[in-house]
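Structural overview
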Amino acid sequence: MHDSARNLKICIIGAGMGGLTTALALAKAGFQRIDVYEYASDLGFVGAGIQLAPNMARILDRLGVWADIEKEAVTLSETYIRQGSTDEALAHVNLDYVQATYGYPHMVGHRSSLAGSIFAGCQREPAISFHFSTNTENVSFFPKPSFTAVPRAEGAAPQRIEADVLLAADGVKSNTRVDMLRELGVTAQVEDSGQAAYRIMLTREQMSGDAELLALLDGDCATRWIGPKRHIIAYPVSGKAIYNISTAQPDVNFAAAPSASYTTRGSKAQMLQVFADFSPKVRRMLDLVPEGEVCEWRLRVHAPLPTWVRGCVALVGDACHPTLPHLAQGAAQAIEDGAVLGAVLRRLPDAEPRSINKALRIYEDVRKERAELLVELAAANGREMHLGEGKAKEERDRLFKALKEGKGGGQVPDKWADKEVQRMIYGHDCVKEAEAVFERSFAKL
Ligand SMILES: Cc1cc2nc3c(=O)[nH]c(=O)nc-3n(C[C@H](O)[C@H](O)[C@H](O)COP(=O)(O)OP(=O)(O)OC[C@H]3O[C@@H](n4cnc5c(N)ncnc54)[C@H](O)[C@@H]3O)c2cc1C
């Protein structure tokens, strides 16, 4: 890296997967002054599992934090898509080929292990400073990026902070996105997807009395149970000590009481009612959740933005491409953003704002189309899995049947498990692509 660039003051808003990876990638690139501002008092991640796809693992391995995550994670060797109402297997897909093909297996883990390990990697970098319990607001873009940092501690004074580069990984509710769109004169808001998700973690002890359920925890399998407008996906995490369950269903509760809240304590009776026509095995599984431990998430999205970059400010992760979870790629895409920012900014030939803007536009060029395609694909996969009676469902079920009988082209209607889709998602090396695009286009911009 050019010496003048090394000392650029880089501020990052948000310490989610996107912000943490961006900070780590920039420190590894050689930047010396990286400040991360986070509203929460600590990482504060909810108890939930997360899929660790090979495109995510490849990046985290290069950044030196994958080994810790891998230790606790579970390798998936197969997946079943089952009819929710009967438990009948609609499709079985072997996932063993993933490691041989993409260099990493398809793993699943605990969110706290993923975030905690990236955070630990950041803490080993003297260039990174964290400012927790600090809200940021009023982002300005010119002549240099600046924002107000408001410490949440009583009596602490707000501070106006100026940076050379500002990277806003402030999530789906991003204030920075709102400020950017206002300046651009664009009216666009976060949108309800009409779907909500229950997220549940069952311990081995809670499952121990039911041999059939225990077999799910002991398997190396992700299972998706599908039904009209709803599905459940579940897999073991934390060295198979915990069975992680995530659902999707029509949003009734958030829609009935609109508020700024994205999560709420759900009613167990209501959750059981939503899946009342699912098989007895699924209902027994859901019934193991202790009363008071049902957490419901509102699933929100945003129309594609006209741009992710203004001056020396760029949006990262859910701030610019919030997604439905039906492809399990939201965090992976935020992590790809961070890696690409590291790759383009490390190639800065100088510390001029014009060069920074050019590098950020290359970041957008490399990332925007891919991230938005995956957002669309995730939404489409939800629609496909949630089909009710009708021609479209008949066609989907015909494909499931052909797959089961080994006929047809091996296409899996659940795109998450489809080899062609996996090739597009897992086979993509975003850092290599960023390097190539930078070489090709920086001088021409
Ligand atoms: C049910 C469900 C299942 C999912 N499963 C998967 C999966 O299996 N695999 C996968 O890859 N992804 C999955 N995702 C998606 C993934 O969780 C998100 O896409 C990802 O966490 C986004 O990371 P982020 O860093 O962009 O945003 P966030 O995690 O939202 O982080 C934003 C951070 O910014 C902070 N912040 C916000 N505003 C301010 C402010 N003004 N000042 C200071 N700090 C601020 C917030 O406190 C927060 O810590 C799932 C999502 C859901 C809802």
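On a predicted model such as this, the values are computed, not experimentally measured, just so you know. (Residues numbered from 1 in each chain as written. Predicted model: local features only at pLDDT ≥ 70, side-chain atom pairs only at ≥ 80, totals over all residues.)

**A word on the overall build of the protein chain**
Looking only at helices and strands, the protein chain has 17 helices and 20 strands in total. For 445 residues, the compact-globule estimate of 2.2 N^0.38 gives 22 Å, and the protein chain sits close to it at 22 Å. Looking at the protein chain residue by residue over its 445 residues, the buried ones come to 47%. (Helix = DSSP H or I, 4+ residues; strand = E, 2+ residues; numbered from the N terminus. Rg over C-alpha atoms; globule rule 2.2 N^0.38 Å. Buried ≥ 20, exposed ≤ 12 C-beta atoms within 10 Å, placed from the backbone.)

**Observations concerning the domain arrangement of the protein chain**
Splitting the protein chain by domain gives domain 1 (1-48 + 56-70 + 111-189 + 302-385 + 430-444) and domain 2 (386-417). Put simply, the middle of domain 1 and the middle of domain 2, counted by C-alpha atoms, are 37 Å apart. If you look at the interface, domain 1 gives 9 residues, while domain 2 gives 7 residues. Broken down by class, the residue content of the side of domain 1 that touches domain 2 amounts to 4 nonpolar, 3 polar and 2 charged. (Domains from an automatic or database assignment. Contact = placed C-beta atoms within 7 Å. Nonpolar A, V, L, I, M, F, W, Y, C, P; charged D, E, K, R; others polar.)

**Examining the sheet that holds strand β11 (residues 159-162)**
Strand order in this open sheet of 3 strands is β9-β10-β11, and the pairing throughout is antiparallel. Strand pairing shows two members of the sheet lacking a second neighbour, β9 (134-140) and β11, which therefore form its edges. Neighbour-to-neighbour, the strand axes of the sheet open up by a mean angle of 30°, direction not taken into account. Across 4 bridges, strand β10 (residues 146-151) lies against β11 in antiparallel orientation. Residue alanine 149 lies in a different strand from β11, and its bridge partner there is glutamine 159. (Pairing = 2+ DSSP bridges. Axes fitted to C-alpha atoms, helices over the stretch in contact; angles between N-to-C directions.)

**Some thoughts on the site of the ligand**
Neighbouring residues of the ligand: 33 residues in total, closest Gly14, Gly16, Gly171, Gly317 and Gly330. Of all the secondary structure elements, the ones that give two or more residues to the shell around the ligand are α2 (17-29), β3 (49-52), β9, β13 (190-203), β18 (295-302) and α13 (330-345). Here the residues of the shell around the ligand sort into 16 nonpolar, 13 polar and 4 charged. (Near = placed C-beta within 6 Å.)

**Things to note about the UniProt feature "coiled-coil region" (unreviewed entry) in the protein chain**
Mapped onto this numbering, the UniProt entry annotates "coiled-coil region" (unreviewed entry) at residues 356-383. The span residues 356-383 is 100% helical and 0% strand by assignment, and the distance between its end C-alpha atoms comes to 40 Å. (UniProt positions renumbered as here; feature names shortened; annotations may be inferred.)

**Quick notes on helix α3 (residues 54-62)**
With respect to burial, α3 is a largely interior element, 7 of its 9 residues being buried. Here α3 has its buried residues at Pro54, Asn55, Met56, Ala57, Arg58, Ile59 and Leu60. Note on α3: the residue one or two positions beyond its end, glycine 64, has a positive phi of about 85°.

**What to know about unusual backbone geometry**
The omega torsion of the bond from phenylalanine 142 to proline 143 falls at 0°, within 30 degrees of zero and hence cis. Residue position: proline 143 is located in the loop between β9 and β10. Positive phi outside glycine occurs at serine 133, with the angle close to 50°. With respect to the helices, strands and loops of the structure, serine 133 is situated in the loop between β8 (128-131) and β9. Owing to 15 C-beta atoms within 10 Å, serine 133 belongs among the partly exposed residues under this scheme. Of note in the backbone geometry, serine 238 takes a positive phi value of approximately 50° without being a glycine. Within the fold, serine 238 resides in the loop between β15 (230-237) and β16 (242-250).

**Quick notes on the environment of valine 340**
Tracing the sequence through the fold places valine 340 in helix α13. As for valine 340 and alanine 248, which are separated by 92 residues in sequence, their C-alpha atoms are 31 Å apart. Excluding anything up to four places from it in sequence, valine 340 contacts Tyr363, Val366, Arg367, Cys430, Val431 and Ala434.

**Things to note about helix α17 (residues 430-441)**
In this model, α17 (12 residues) spans 16 Å end to end at C-alpha, consistent with the 16 Å of a helix rising 1.5 Å per residue. The set of residues buried in α17 consists of Cys430, Ala434 and Phe438. Down the axis, α17 shows its buried residues gathered within 75° of arc, on one side only. Of the exposed residues in α17, those oriented more than 90 degrees away from the buried face are Lys432, Ala436, Glu439 and Arg440. Looking at the packing, one finds that the buried side of α17 touches α13 and α14 (353-385). (Expected span 1.5 Å × (residues − 1). Arc of directions from axis to C-beta.)

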